[in-house]
Amino acid sequence: MSVDVRVGPLADLPADRCIAVGDGRAVVVRVDSDVVAFANRCLHKDSPLAGGRVFGGALTCPLHFWRYDLPDGAHRGGSGRLPRYPTRVEDGEVVVVLPDPPPVIGLREQLLARAREWSRDPGARP
């Protein structure tokens, strides 16, 4: 399943930085007369890309300065590519197609899952 997120007029999107959309799950970047959308997570430290600057055909992470080619999201100087989401322009309005958000997992379930994965170091003393 997916959900259409209306961003606003293409003409209002800045060309020099990306902005967060879809409750912060994605960022949109205007590239000339088109728009691209990526997951709002840097490949380096999983930090948000929102507010990242665009210069010289690349999006730069605002925290650690990793750079990604536009419009494909390929990491400059390394491997990997930002997850990309489909976009379209309807009557001048940008629409991003995002996957449904993952289900919310309660704290109890998170702790139980972590406990199932945990194993004590055999060399550790009780």
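Residues numbered from 1 in each chain as written. Predicted model: local features only at pLDDT ≥ 70, side-chain atom pairs only at ≥ 80, totals over all residues. Heavy atoms only, no water.

### Some thoughts on the pattern of salt bridges
Counted under the stated rule, the structure contains seven salt bridges. D16 is paired through a salt bridge with R53; the nearest N and O atoms lie 3.4 Å apart. One end of the pair, D16, is in the loop between β1 (2-9) and β2 (19-21); the other, R53, is in strand β5 (residues 53-55), and 37 residues separate them in sequence. D16 gets classed as partly exposed once you look at its relative accessible area, which sits at 33%. R53 sits in the partly exposed class, given a relative accessible area of 46%. Residues D72 and R81 are paired through a salt bridge, measuring 3.0 Å at the closest nitrogen-oxygen approach. Overall, the relative accessible area of 48% leaves R81 in the partly exposed class. In this structure, a network of salt bridges that share partners links the residues D4, R6, R88 and E90. (Salt bridge = Lys/Arg side-chain N within 4 Å of Asp/Glu carboxyl O. Helix = DSSP H or I, 4+ residues; strand = E, 2+ residues; numbered from the N terminus. Buried < 20%, exposed > 50% of the residue type's maximum accessible area, 1.4 Å probe, protein only.)

Spatial relationships are all this shows, so hold off on functional conclusions.
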